[in-house]
Amino acid sequence: MRAPAFSPPLLADILLHEWEDYTFPPHTAAYAAARPLAVAALAAALSQVAYRRPGDLALDLEDIRATLRRARSFGLGCATDAGPGRATRLVPAAVAACQRAHLGPPPAGPPVVALLALASHPAAELEMDELSKIVETLQATLGPDVEITFWHGGEAVLPQAAVQLWLLLGYAA
């Protein structure tokens, strides 16, 4: 297998430059302070769910690009949880993380697009009722009009009972 040509941090920076070239966000002091956090969060997401095994994943750079193209501002967050009720706790934690790693103007309304990536240990996969609960909670939290792109895969580096949720939220204004 050939080694990847780019690293996750470099790809994250490229994706953000593409987004900036498309949206022209105001480069305020707050933006300058938030950009490194967004690069770090995007690089972490790329290394966990898009970059590690690109041949095995349905989530690829085009899914991320498509989400960012629809966004005038965006937030990216991750939550990991284990045990009973994990599906109920994941969405609020991921949405809160998205608010901490927000880039661009403050949202004027609910997100218009969301990219949801879930990973669970192959020995303790996410159950269908948990997936339904996560999607229902996400729609109840974000509103019924958000367009959701979804990916799920196994990740052996997670603890056996854990599920990890990556969430990229794109806002129109």
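Residues numbered from 1 in each chain as written. Predicted model: local features only at pLDDT ≥ 70, side-chain atom pairs only at ≥ 80, totals over all residues. Heavy atoms only, no water.

1. Quick look at the packing of helix α1 (residues 8-23) against helix α3 (residues 61-69)
- Contact geometry for α1 and α3: axes closest at 10 Å, N-to-C directions at 30 degrees. Overall, the two elements α1 and α3 adopt an arrangement that is roughly parallel. When you trace α1 past α3, the crossing you get is right-handed. Side by side, α1 and α3 meet where Leu11, Leu15, Glu18, Trp19 and Tyr22 of the first sit next to Leu61, Ile64, Arg65, Leu68 and Arg69 of the second.
- For the contact of α1 with α3, the per-class residue count stands at seven nonpolar, no polar and three charged. (Axes fitted to C-alpha atoms, helices over the stretch in contact; angles between N-to-C directions. Helix = DSSP H or I, 4+ residues; strand = E, 2+ residues; numbered from the N terminus. Parallel < 35°, antiparallel > 145°, perpendicular 65-115°, else oblique. Left-handed = near helix turned anticlockwise from the far one by under 90°. Contact = heavy atoms within 4.5 Å. Nonpolar A, V, L, I, M, F, W, Y, C, P; charged D, E, K, R; others polar.)

2. As for the environment of His27
- Examined against the element boundaries, His27 turns out to sit in the loop between α1 and α2 (29-50).
- Its relative accessible area of 59% is what places His27 among the exposed residues.
- For His27 and Gly104, which are 77 residues apart along the polypeptide, the C-alpha to C-alpha distance reads 8.6 Å. (Buried < 20%, exposed > 50% of the residue type's maximum accessible area, 1.4 Å probe, protein only.)

3. Some thoughts on α3
- Along α3, the residues classified as buried are Ile64, Arg65, Thr67 and Leu68. On an axial view of α3, the arc spanned by its buried residues comes to 165 degrees, and they lie on one face. (Arc of directions from axis to C-beta.)

4. Things to note about the nonpolar core
- Membership of the largest hydrophobic core comes to 30 residues, with the highest contact counts inside it found for Leu42, Ile64, Phe74 and Leu103.
- Taken together, the elements giving at least two residues each to this core come down to α1, α2, α3, β1 (73-82), β3 (113-120) and β5 (162-171).
- Ranked by the residues each element gives to this core, the list is headed by α2, at 10 residues.
- Val91, Leu116, Ile134 and Val163 belong to the second largest nonpolar core, which has 21 residues in total. (Core = buried A, V, L, I, M, F, W, Y, C linked by side-chain atoms within 4.5 Å.)

5. What to know about the side chain of Ser73
- Along the chain, Ser73 falls in strand β1.
- A residue is classified by how much of its surface remains accessible, and Ser73, at 0% relative accessible area, is buried.
- Here the side chain of Ser73 touches Pro105 through a polar contact of 3.1 Å, landing on its backbone oxygen.
- Here Ser73 is in contact with Trp19, His102, Leu103, Gly104, Pro105, Pro107, Leu169, Gly170, Tyr171 and Ala173, once residues within four sequence places are set aside. (Polar contact = N/O pair within 3.5 Å; in protein donor to acceptor, adjacent residues only side chain to side chain.)

6. Quick notes on the pairing of β3
- Judged by how many residues are buried, β3 sits mostly within the fold: eight of eight residues are covered.
- Because side chains alternate across β3, one face comprises the buried residues Val113, Leu115, Ala117 and Ala119, and the other comprises Ala114, Leu116, Leu118 and Ser120, equally buried.

7. With respect to the state of the cysteines
- Evaluation of the coordinates by the stated rule reveals zero disulfides.
- Here Cys78 is not disulfide-linked; the sulfur of Cys98 is the nearest cysteine sulfur, at 9.6 Å.
- The exposure class of Cys78 is partly exposed, given its relative accessible area of 25%. (Disulfide = S-S within 2.5 Å.)

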